[in-house]
Amino acid sequence: ASASSLPSRPAPPPGPPNPATIPFSAAPAAAPPATEAPAKEKALQKLPARPSKVVCTLGPNTCDFDAVVRLAETGMDVVRLNMSHGTHEWHQKVIDTVRAVNATGRFSLAVLLDTKGPEVRSGDLKAPIEVGHGERFTFTIRKDKENFDDRTVDVSYDDFVNDINVGDILLIDGGMCSFKVETIDGTDVVTRCVDAGTLTSRRHLNVRGKSASLPAITEKDWEDIRFGHANKVDMYALSFVKHENDLIALKEFLEENNDRALVLPKIESAQAVPRLRQILEAADGAMVARGDLGAEIPVEDVPIVQQRIIRINRELKKPTIVATQMLESMIQYPTPTRAEVADITEALRQGADATMLSGETANGRYPDAALTVMSTVAEAVHAQVKAGEMSPPKSVRVRASSSRKAAAAAAAAALSSDDEAAAFPEAALVSSEAASDLAGFRESMAGAAAGLAKNLD
């Protein structure tokens, strides 16, 4: 069946925005009794067909009012602004459009600002260069482009020659083509092509197993962060975090400005992997940015790291977004590969709180179809879990207790906590306006847990 024939999620009826949902492990065993207050029943009725969220990156073809409404109707919950592309003027128009859509009362779309980060990119080329296996190619920090031959390109990072060594593997856009470093001659890094491919302008460069020695937050990032603060975005995805200290400056800036936006580190650096727990404890959640992560660590380790991030965040009751290449083929084709569908399914089965579309909705040929597939797969996973045909993600365990009553009491305390994001990770992935809608549902769940503790006495 074609992607266009897959059923889309029905548009929500007019009214208040949908509340955040709870993870599989925290779902109540049964609906509250009929004697519960109407507000609690209403909160339960407002839960969507799937507990996970979908993050969509908007681009030139998906940023007008009608396109945003269409994506929201199909399943988009969070709008991602990719600050690697576009001007502040363009992003301002997107934010204004999203707020106008929210003002209709039908949706409550959150806005996520994704920083560019300390990326290393190749320079501009007059035309794409086809590089064959075994060919020599030079990457340089020289600026005299008029003297470059057709097998030389400049690099945006002056310390590139100091961060790289003979024998290193240089990956273009995560492995679209790759080169082995043979010699380093002052400003020039001379390589030989290992995997043939086409080199185009401003491509992302990674060195296998290494991270560039650049600050986590660049001056451009600070300009973008101040722009986000002025527009009251709901969360920030901080690129190329290597250490928990990388988060401190941003969190301090937000606190000083009474900004409650969430800070989500993007785990995409090899240096971040040994410090996963420390980074996640300091953060408000995380994004698994598998593209660059797979360029810096062995590709076979990416699924293992993804599962570790999700597991740690579930213990911490913080949300995880799984991103990059989830439906990559649908940038060009109207149907997904079966492996891509399995990838989404596995991420949600592991307990991911959200999955993300990047190029699929930013510049792909079939943005609506891609979102339909992702939303439909998420709904199917949830339905299978409810029917007992698929194992839900392991519950976050309450500390070992000598009695069931103590465990139930601990659950009641967690559910009645003032920290919504701690009790319900997905609460962090909605707009700030929608967060208050969760209160009635939290109250009913706290009452149910407290009642269980009393009955077990």
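Residues numbered from 1 in each chain as written. Predicted model: local features only at pLDDT ≥ 70, side-chain atom pairs only at ≥ 80, totals over all residues. Heavy atoms only, no water.

(A) How the structure looks around the environment of Leu280. When you line up the elements, Leu280 lands in helix H7 (residues 276–282). Given a relative accessible area of 0%, Leu280 falls into the buried group. In the structure, Leu280 is positioned 37 residues away from His243 in sequence and 9.9 Å away in space, judged by C-alpha atoms. The residues touching Leu280, leaving out its near neighbours within four places in the chain, are Gly285, Ala286, Ile309, Ile312, Asn313, Leu316 and Lys318. (Helix = DSSP H or I, 4+ residues; strand = E, 2+ residues; numbered from the N terminus. Buried < 20%, exposed > 50% of the residue type's maximum accessible area, 1.4 Å probe, protein only. Contact = heavy atoms within 4.5 Å.)

(B) Seen up close, empty space enclosed by the protein. Within this structure, the stated rule accounts for two cavities of 30 Å³ or more. Of the voids in this model, the largest cavity is the one considered here, and its volume is about 220 Å³. Around the largest cavity sit 18 residues that line it, and Val120, Leu205, Val207, Ser211 and Ala212 are the ones nearest its centre. Listing elements by their share of the lining of the largest cavity, those giving two or more residues are helix H4 (160–163) and strand E11 (205–207). For the lining of the largest cavity, the leading source of residues is E11, giving three residues. Each residue belonging to the lining of the largest cavity can be placed in one class, and the counts come to ten nonpolar, three polar and five charged. (1 Å grid on protein atoms, 1.4 Å probe; cavity = no way out; pocket = protein on both sides within 12 Å on 5 of 7 lines; lining within 4 Å. Points joined across faces, edges and corners; volume = space filled by probe spheres on them. Nonpolar A, V, L, I, M, F, W, Y, C, P; charged D, E, K, R; others polar.)

(C) Main features of the pattern of salt bridges. With the rule as written, the count across this model stands at 24 salt bridges. Residue Asp158 is joined to Lys143 by a salt bridge in which the shortest nitrogen-to-oxygen separation is 3.8 Å. Here Lys143 lies in the loop between strand E5 (136–140) and strand E6 (152–154) and Asp158 lies in the loop between E6 and H4, a separation of 15 residues in the sequence. Residue classification places Asp158 among the partly exposed residues on the basis of a relative accessible area of 49%. With relative accessibility at 55%, the residue Lys143 sits in the exposed group. (Salt bridge = Lys/Arg side-chain N within 4 Å of Asp/Glu carboxyl O.)

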